[in-house]
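# Working through the structure, step by step
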Amino acid sequence: MSSRQDRQRSSQQRSRIAGLAARLMAEDGITDLALAKRKAARKLGLPDCAAMPDDSEVEGELRTYHRLFQRAEQQARSIQLLRAAARVMETMQSFNPYLSGPVLERTAGRYTEIDIQLFVDSAKDVEIFLLNQHISFRHSPPRSDRAEAVLTLVCDDVVANLVIYPHDEERVTCKTRDGRVRERARLEAVNKLLAEG
């Protein structure tokens, strides 16, 4: 088989994996892109060494899936999540909050949780603040070595994760697994998104 045919077959496999991974994320609530890709490859009967799509390919397929099959639900959920994120960010304003993740990237679906990054001197300051405000929270495992802690709370029936980083990390640019700059937005930008609908 020629290298051109190999590339074409590899491209088709990547596309099939990306499409099924997006469907698994939209319908089954899988939030981890790597896990969704592995499950999709297994369901398609592909070997472990199959060429995997980039995260951006799966996110593109996820947007397409939402647009084709869950448009009204996804739009309503996106607005609900943005409103809840804005309320949490307003409450946490003294801790330099940034919205990040699927809610900002407009790939949020029915199972999406809000991710808000906070940059502080100590995670204990955030915990004390929440306790003083009588806001219930629980500790969740950090998804990154850079995060000091993750405090999970519920706001308007939506789960919000306060991902706490050391204060000096605020100027550091975070990247996704496939090398793209991870977007993040301040409260003003979130309110602008809400105003645009």
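Read on for a plain summary of the structure. Since this is a predicted model, take the numbers as computed values, not measurements.

### Thoughts on helix H4 (residues 71-91)
End to end, H4 covers 30 Å across 21 residues, agreeing with the expected 30 Å (1.5 Å per residue, within 8%). The complete set of buried residues in H4 reads Gln74, Arg77, Ser78, Ile79, Leu81, Leu82, Ala84, Ala85, Ala86, Val88 and Met89.

### Here's the deal with the nonpolar core
Counting 33 residues, the largest nonpolar core has Met92, Leu99, Ile114, Val126 and Leu162 as its most contacted members. Elements that contribute at least two residues to this core include exactly H4, helix H5 (102-105), strand E2 (114-120), helix H6 (123-132), strand E4 (149-155), strand E5 (158-166) and helix H7 (187-196). Residues contacting Leu162, with those up to four places away along its chain left out, are Val88, Met92, Ile116, Leu118, Val126, Leu130, Ala149, Val150, Leu151 and Leu153.

### What to know about the environment of Ile17
Mapped onto the elements of the fold, Ile17 is located in helix H1 (residues 3-28). Residue contacts for Ile17: discarding those within four places in its chain leaves Lys37, Ala40, Ala41, Leu44, Leu46, Ala50, Ala51, Met52 and Pro53.

### Things to note about the sheet that holds strand E1 (residues 98-100)
Across the sheet, six strands lie side by side as E3-E4-E5-E2-E1-E6; this open sheet has mixed pairing. Each edge of the sheet is formed by a strand with only one pairing partner; in this case those strands are strand E3 (138-140) and strand E6 (184-185).

### So, the environment of Leu81
The residue Leu81 is located in helix H4 in this model. Sequence spacing of Leu81 and Ile114 is 33 residues, and the spatial spacing of their C-alpha atoms is 6.9 Å. Excluding residues that lie within four positions of it along the chain, Leu81 makes contacts with Val103, Ala108, Gly109, Thr112, Ile114 and Val158.

### Points about the layout of surface pockets
As a volume, the largest pocket reaches approximately 1,100 Å³. What lines the largest pocket is a set of 43 residues, among which Thr31, Pro102, Asp115, Arg143 and Arg182 lie closest to the centre. Contributing elements (two or more residues each) for the lining of the largest pocket: H1, helix H3 (55-69), H5, E2, E3, E4 and E5. Looking at the lining of the largest pocket residue by residue, the class counts come to 15 nonpolar, 14 polar and 14 charged. Its volume calculated, the second largest pocket comes out at about 180 Å³. Along the walls of the second largest pocket sit Arg63, His66, Arg67, Arg71, Gln74, Gln75 and Arg106, which together make up its complete lining.

### Description of unusual backbone geometry
Positive phi values are uncommon outside glycine, yet Asn96 reaches one of about 55 degrees. Note that Asn96 resides in the loop between H4 and E1. Its identity is not glycine, yet His134 carries a phi of approximately 60 degrees, on the positive side. Residue His134 is classed as exposed on the basis of its relative accessible area of 73%.

### Side note on the pattern of salt bridges
Tallied over the full model, the rule gives eight salt bridges. One salt bridge in this structure joins Asp54 and Arg14, with 3.9 Å as the shortest N-O distance. Taken as a pair, Asp54 in the loop between helix H2 (33-43) and H3 and Arg14 in helix H1 lie far apart in primary sequence, 40 residues in all. Overall, the relative accessible area of 22% leaves Arg14 in the partly exposed class. Linking Lys37 and Asp55 is a salt bridge whose minimum nitrogen-to-oxygen distance equals 2.7 Å. With Lys37 in helix H2 and Asp55 in helix H3, this residue pair connects regions lying 18 residues apart in the sequence. Exposure class is identical for Lys37 and Asp55. Each is buried. Each member of the salt-bridge network shares a partner with another, and the members are Arg14, Asp54 and Glu57.

What counts and how
Residues numbered from 1 in each chain as written. Predicted model: local features only at pLDDT ≥ 70, side-chain atom pairs only at ≥ 80, totals over all residues. Heavy atoms only, no water. Helix = DSSP H or I, 4+ residues; strand = E, 2+ residues; numbered from the N terminus. Expected span 1.5 Å × (residues − 1). Buried < 20%, exposed > 50% of the residue type's maximum accessible area, 1.4 Å probe, protein only. Core = buried A, V, L, I, M, F, W, Y, C linked by side-chain atoms within 4.5 Å. Contact = heavy atoms within 4.5 Å. Pairing = 2+ DSSP bridges. 1 Å grid on protein atoms, 1.4 Å probe; cavity = no way out; pocket = protein on both sides within 12 Å on 5 of 7 lines; lining within 4 Å. Points joined across faces, edges and corners; volume = space filled by probe spheres on them. Nonpolar A, V, L, I, M, F, W, Y, C, P; charged D, E, K, R; others polar. Salt bridge = Lys/Arg side-chain N within 4 Å of Asp/Glu carboxyl O.

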